[in-house]
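So the chains spell out like this:
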Amino acid sequence: MKNILIGVTGSISCYKTLEIVNQLTKDGYNVNVVMTKAAQQFVGPLSFETLSSNPVVTEMFSADGHEKVEHIELAKQADLFVIAPASANIIGKIASGIADDMLSTIAMAVICPTHIFPAMNTKMLYNPIVQDNIEKLKRFGYKIHGTASGELACGDIGDGKLLPWEEIVQTIKNNVK
Ligand SMILES: Cc1cc2nc3c(=O)[nH]c(=O)nc-3n(C[C@H](O)[C@H](O)[C@H](O)COP(=O)(O)O)c2cc1C
C-alpha cells in the first residue's frame, strides 16, 4: 500500500482536501494528514481522521509524548508528500528552510518527491516575493502546480484558486511510485 502524506494549510479551500483524502483512501492509499494551526480554523482534524482512518497530526510537541520521533517517521514512510492547499506562508517557510511547526518540519525532512498546490488571493500569488519563492522551490526540484482562475472567496476574480480536487487526485496517482 502506498503512503501519501498530505499537508493542509490555512485557506478557505481546505474543504476540497477532504474530498482528496476521501477519494485516495477509497482507492486504497494509506493517507496521513498534517494540519497547521491555521488550517484547523477552516476544517476540523476529526473530519480528516474519519475519512483517512488515521490519526491527524496537529502538534509538534504533544502532552502525552511520542514513542517515536513522529515527524521523521512520517517523512520516512511517505511515498509522496503533498501540500494542498499551500498558503503563501508555507511556500515562504519551505523556501527559507524554516521548520517551526509540524508541517514545515516534515517538509524539511521528507526524502520523497514533494508536490505543492498553491491557493491564495491573486495579489498574494503574484507578489514578487511569493513568485521568487516558487521559482526557488522549483530550482530545488519541488513540483509546484498551477492554480485555477475564477471567483475567489474574497470576491476578487483571477488566478489563485486551488485546482479542482479531482485533478489533484489524478496528479497524485500519476506521480506516486
Ligand atoms: C478567511 C481566510 C482565508 C484565507 N485564505 C488563504 C489562502 O487561500 N491562501 C493563503 O496563503 N492564506 C490565506 N489566509 C491567510 C493564512 O491563513 C495565514 O497567512 C496563515 O498564517 C497561514 O498559516 P499556515 O501556512 O501555517 O497554515 C486566509 C485567511 C483567512 C482569515
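Keep in mind that what you see is a predicted model, and the values were worked out from it rather than measured.

**What to know about the sheet that holds strand β3 (residues 80-86)**
Part 1 of the argument: Read across the open sheet, the five strands follow the order β2-β1-β3-β4-β5; overall the sheet is parallel. The two strands at the open ends of the sheet, each matched to only one other strand, are β2 (30-35) and β5 (143-144).
Part 2 of the argument: Bridge analysis of β3 against strand β4 (residues 114-118) gives four bridges, and the strand direction is parallel. Within β4, the residue paired with Phe81 across the bridge is Thr114.
Part 3 of the argument: In the packing of helix α8 (residues 165-175) onto the sheet, contacts are made with β1 (3-8), β3 and β4, and the angle to β3 comes to roughly 165°.

**Comments concerning the pairing of strand β7 (residues 157-161)**
Side-chain direction in a regular strand flips from residue to residue, so the side chains alternate between the two faces of the sheet.
Part 1 of the argument: Relative to β7, strand β6 (residues 148-151) is paired through four bridges, and the arrangement is antiparallel. Considered in β7, the bridge of Glu151 is made with Ile157.
Part 2 of the argument: In this antiparallel pair of consecutive strands, β6 and β7, the connection spans five residues, and Gly155 shows a positive phi of 100°.

**Let's talk about the environment of Asn30**
Part 1 of the argument: In this structure, Asn30 sits in strand β2.
Part 2 of the argument: Separated by 13 residues in sequence, Asn30 and Thr17 have C-alpha atoms that sit 15 Å apart.
Part 3 of the argument: Setting aside residues up to four positions removed in sequence, Asn30 forms contacts with Met1, Lys2 and Asn3.

Analysis parameters
Residues numbered from 1 in each chain as written. Predicted model: local features only at pLDDT ≥ 70, side-chain atom pairs only at ≥ 80, totals over all residues. Pairing = 2+ DSSP bridges. Helix = DSSP H or I, 4+ residues; strand = E, 2+ residues; numbered from the N terminus. Contact = placed C-beta atoms within 7 Å. Axes fitted to C-alpha atoms, helices over the stretch in contact; angles between N-to-C directions.

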